[in-house]
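A structural walkthrough
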Amino acid sequence: MNQLHLRLYNPPPESETPEPTQKRDILPFVSRTQTKIISGRLGAPVDRARVLRQNSVCPECSQMNVEPLELQDAVISPKSRLPVPGTATIVGFHCNDCSTEWPVYELVTRRNG
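Residues numbered from 1 in each chain as written. Predicted model: local features only at pLDDT ≥ 70, side-chain atom pairs only at ≥ 80, totals over all residues. Heavy atoms only, no water.

**Some words on the overall build of the chain**
Helix and strand content of the chain: one helix and five strands. Overall, the chain shows an N-to-C arrangement of helices and strands of β-α-β-β-β-β. Looking at the chain alone, contacts between residues at least 24 apart form 57% of all its contacts between residues at least 6 apart. For the chain, the exposed area adds up to about 9,900 Å²; of that, 53% sits on carbon and sulfur atoms. (Helix = DSSP H or I, 4+ residues; strand = E, 2+ residues; numbered from the N terminus. Contact = heavy atoms within 4.5 Å. Areas by Shrake-Rupley, 256 points an atom, 1.4 Å probe, with all protein chains shown as cover.)

Structure representation (structure tokens):
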């Protein structure tokens, strides 16, 4: 049976000259700072409450008749077999007065290492 081995290569800093290498497929390391766009499932209940609060007013008509748009991926309770409220992924909001809909995006910058 053939086994594949993944070899990691960390290039030297730009100031140093790299050693000669054979022609290989080299996958670069991800930079130490990453910015991700997260839409939907939020880590903590505090984050969910913050998003609900920030989007409680329609940006179009300024009314407060707004509801979250959620995916059908809520955690299912093992006892009742019903979705647990507040665990579904929020993907946007809908205004019941003017029918405006808008997505939820959150930028997260993380520092690795």
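**Structural notes on the packing of aromatic side chains**
Counted under the stated rule, the structure contains one aromatic pair. Each ring, one from Phe-93 and one from Trp-102, has its centre 6.0 Å from the other, and the planes form 20°; the classification is stacked. Phe-93 sits in the buried class, given a relative accessible area of 2%. (Phe/Tyr/Trp six-rings, centres within 6.5 Å; stacked < 30°, edge-to-face > 60°. Buried < 20%, exposed > 50% of the residue type's maximum accessible area, 1.4 Å probe, protein only.)

**A closer look at the pattern of salt bridges**
Scanning the model with the defined rule gives two salt bridges in all. A salt bridge links Arg-50 to Asp-47; its shortest N-O distance comes to 3.6 Å. Of this pair, Arg-50 and Asp-47 both sit in helix α1 (residues 45-54), three residues apart, which is roughly one turn of the helix. With a shortest N-O distance of 2.4 Å, Arg-48 and Glu-70 are connected by a salt bridge. Residue Arg-48 is located in helix α1, and its partner Glu-70 is located in strand β2 (residues 66-70); the two are separated by 22 residues in the primary sequence. On the basis of relative accessibility, which here comes to 15%, the residue Arg-48 falls in the buried class. A residue is classified by how much of its surface remains accessible, and Glu-70, at 36% relative accessible area, is partly exposed. (Salt bridge = Lys/Arg side-chain N within 4 Å of Asp/Glu carboxyl O.)

**Re the sheet that holds strand β3 (residues 90-95)**
What the three strands build is an open sheet, ordered β2-β3-β4; its pairing is antiparallel. Edge positions in the sheet fall to β2 and β4 (101-103), since each has one partner strand and no second. For this sheet, the mean inter-axis angle between neighbouring strands, taken without regard to orientation, is 25°. As judged from the three bridges shared by β3 and β4, these two strands associate in the antiparallel manner. Looking across to β4, one finds that Gly-92 is bridged to Pro-103. (Pairing = 2+ DSSP bridges. Axes fitted to C-alpha atoms, helices over the stretch in contact; angles between N-to-C directions.)

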